[in-house]
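# Coordinate analysis (summary)
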Amino acid sequence: MDFTLPQELLDYLKELDAFIEAEIKPLEEQDDNIRFFDHRREWARTDFDNDGLPRHEWEELMREAKRRADKAGHLRFAMDPKFGGKGGSNLWMTVIREYMAAKGLGLHYDQQSEHSIVANNPFAKMFDDFGTPEQREEFIQGMFDGTRRITFGLTEPHHGSDATHMETRAVRETRDGVEGWLINGEKMWTTGMHVATHCALFARTTGEDGAARGITCFLVPADDPGVKVEQYLWTFNMPTDHPRVSFTNVWVPDSAIFGPIDNGLPLAQSFVHENRIRQAAGSLGSAVYCIEESVRYARLRQPFGEELSRNQAIQFPLVELATQCEMLRLLIRKTAWEMDQMTHPEVEKRISDKVSMCNYWANRLCCEAADRAIQVHGGIGYSRHKPFEHIYRHHRRYRITEGTEEIQMRKVGAFLFGYLGPKRKEFAELTYDDVDYRKQSQIRPRSGWQAIDTTRPEAL
C-alpha cells in the first residue's frame, strides 16, 4: 500500500502551473477580465436585463481559455487517446481537481460554471460508452470544437429526486415512412439551454410510473419548434442558465435514441458517478483554500496586540475542518482508484455508496469551510472583496444538484443495510433464527431480548 502520488502526476501538475502562468493568467488580466473574478464578479458575469443569463463576454472568455487549453493538450486530458485525450484516470482527475480548486478563484478553474482548463465533460464519456458510431462521430468532437452543446433533461417541475415518476412521455409515431417518437413534457434545471444545440431528454416510453425500466433518453434538437424555454429560474448563485423548458409535440426519428431503449437511467448514473467524484475533489480543494486563507489571515491579524490565531476559538474550528479534509482526501482518492478498476455498471453495484459518501460530505464540508472563513475574516470576509461568499453560494447548490445529500445518504444507507450493493445477498439469506441470542454478554437484556454474541460474524 503506497499513498505517494506518482512522480508523473506531480510533473503534470507543474506543467499545468506553467501553462496557467503563461497563457491563462495573462488572459485573465487583459481587457479588465479580472472583473469576472474580483468584487465585481457577479455583476460582470450576469446580464440582469436578459433573464439573468451569463453575459456573452463572460462565456466567450471561458471558451477562449478552453481553446488555449485544448491547443496545449490539457482540455481533453480525461478523454481516451482516440479522441485526442490522454486517458486520464479518475484518480488523476481528483488530484487535479483538488489542486486547481485550492488555488482559489480564477480562469483556470471556475466551478460556478463547471469551467476548467482540464475538462470534466462526462457527456463525452457517455457518448463513448452508449452512443452509436454516428453519434460518437458527431457529438464528441462537436463538444470540443463548440458545434455541439448538450443539456441534461431529467428533472421535472413535479419530480426531482425520483426520476422514475417523470411525466414526460414519448410514443411511437411514423412520419413520411420514418419510424420515430412524439414527445410531450416539461423539464426543470436544464442547465445551459440558452446555448445548447441538443437536450439529452429522458422520457417514459413503456412501463408504469415508478418503474426504473421503461425510460429512454433522446437527443432532441434545441431549435425544434416544439421546444420552448418557459422561464429562467434566478438562483442564489448568479448568473442563471437553469430554465424550465416545455416539449410540445416534438418528433424525433429512431436515430435520436441515445443508449438502450427503455433502459435510459444507466446513462444518468454514468453521468453522476464521474461527476460526483470529481465534484467532491473540487469541493475539497475549495475547502482547503478557505482553511488556508483563514490560517494566513489569523496569523497576520493582531487584535488586542497579539495574533488572532493564538485564540483557541479560532484554532479549534479550523483544526476540525482541516482534520475532515485529510480524511476526506483519502476516501476520495481510494474511491477514485477503485472506480478506475471497474466498469460503470460495476461502480453502480459495488461502490456507488462510497462515491455518494465522498460527494455529499465534500459539498457540506466546503460550505462549512467557507462559512468559517467568513467568520475568521470578520467584516472583510463578509464583503465581496474576499471570495468566500462566492464559494459558499456556489457550493451550496451542490448539496442539491447531482442528487441531494439526502438522496445520496439514502444510497449509502441502502448499501449499509443490504437493500442494495454487495450485502444484498447476505441479508436476503439471513433469517431471524440465524442470530444466536442464547449466548449472553454481561449486559442485562431488556424486555426479554438477549444480547448478540459479537464474536460470531454471522450475528453482525
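Check the entry above for the structure.
Quick caveat: nothing in here was measured; it's all calculated off a predicted structure.

The rules behind each value
- Residues numbered from 1 in each chain as written.
- Predicted model: local features only at pLDDT ≥ 70, side-chain atom pairs only at ≥ 80, totals over all residues.
- Heavy atoms only, no water.
- Helix = DSSP H or I, 4+ residues; strand = E, 2+ residues; numbered from the N terminus.
- Rg over C-alpha atoms; globule rule 2.2 N^0.38 Å.
- Buried < 20%, exposed > 50% of the residue type's maximum accessible area, 1.4 Å probe, protein only.
- Contact = heavy atoms within 4.5 Å.
- Areas by Shrake-Rupley, 256 points an atom, 1.4 Å probe, with all protein chains shown as cover.
- Salt bridge = Lys/Arg side-chain N within 4 Å of Asp/Glu carboxyl O.
- Core = buried A, V, L, I, M, F, W, Y, C linked by side-chain atoms within 4.5 Å.
- Lys, Arg positive; Asp, Glu negative; His and termini not counted.
- Polar contact = N/O pair within 3.5 Å; in protein donor to acceptor, adjacent residues only side chain to side chain.

If you tally the helices and strands in the protein chain, you get 14 helices and twelve strands. Computed over its C-alpha atoms, the radius of gyration of the protein chain comes to 24 Å, within 12% of the 23 Å expected for a compact globule of 460 residues. Projected onto its principal axes, the C-alpha positions of the protein chain cover 80 × 70 × 40 Å. Buried residues in the protein chain amount to 50% of all 460 residues. For the protein chain, restricting intrachain contacts to residue pairs at least 6 apart in sequence, the fraction spanning at least 24 positions comes to 67%. Working note: accessible area of the protein chain is about 23000 Å², and carbon and sulfur atoms make up 52% of it.

This paragraph deals with unusual backbone geometry. Each neighbour pair has its own omega, and for Met-238 with Pro-239 the value is 0°, a cis peptide bond. As for its position among the elements, Pro-239 is in the loop between strand 10 (227-232) and strand 11 (243-253). Here the phi dihedral of Asp-31 falls at roughly 50°; this positive angle occurs in a residue that is not glycine. With respect to the element layout, Asp-31 can be found in the loop between helix 1 (7-29) and helix 2 (41-45). Despite not being glycine, Phe-304 has its phi angle at roughly 55°, a positive value. Structurally, Phe-304 can be placed in the loop between helix 7 (265-300) and helix 8 (312-339). Under the relative-accessibility criterion, Phe-304 is labelled exposed at 89%.

Moving on, we get to the pattern of salt bridges. Under the criterion given, the structure shown has 38 salt bridges. The shortest N-O distance in the salt bridge between Arg-393 and Glu-42 comes to 3.8 Å. Taken together, the positions of Arg-393 in helix 12 (residues 388-398) and Glu-42 in helix 2 put the pair 351 residues apart, joining distant regions of the chain. Accessibility classification places Arg-393 together with Glu-42 in one group, the buried group. With a closest N to O distance of 3.2 Å, Arg-397 and Glu-114 form a salt bridge.

Ile-96, Leu-107, Ile-117, Phe-123, Phe-127 and Phe-202 are the most contacted members of the largest nonpolar core, which has 54 residues in total. No other element matches helix 1, which puts eight residues into this core. Setting aside chain neighbours within four positions, we find Ile-96 in contact with Leu-9, Tyr-12, Leu-13, Leu-16, Phe-77 and Val-118. Judged by nonpolar contacts, the second largest core, of 35 residues, contains Cys-325, Leu-365, Cys-366 and Ala-369.

Here we come to the side chain of Asp-241. Structurally, Asp-241 can be placed in the loop between strand 10 and strand 11. One buried charged side chain, Asp-241, makes no salt bridge at all; its nearest oppositely charged neighbour is Arg-397, positioned 6.6 Å away. In terms of polar contacts, Asp-241 uses its side chain to reach the side chain of His-242, at 3.4 Å. What Asp-241 contacts, discounting residues up to four positions off in sequence, is Leu-53, Pro-54, Thr-190, Thr-191, Gly-192, Met-193, His-194 and Tyr-232.

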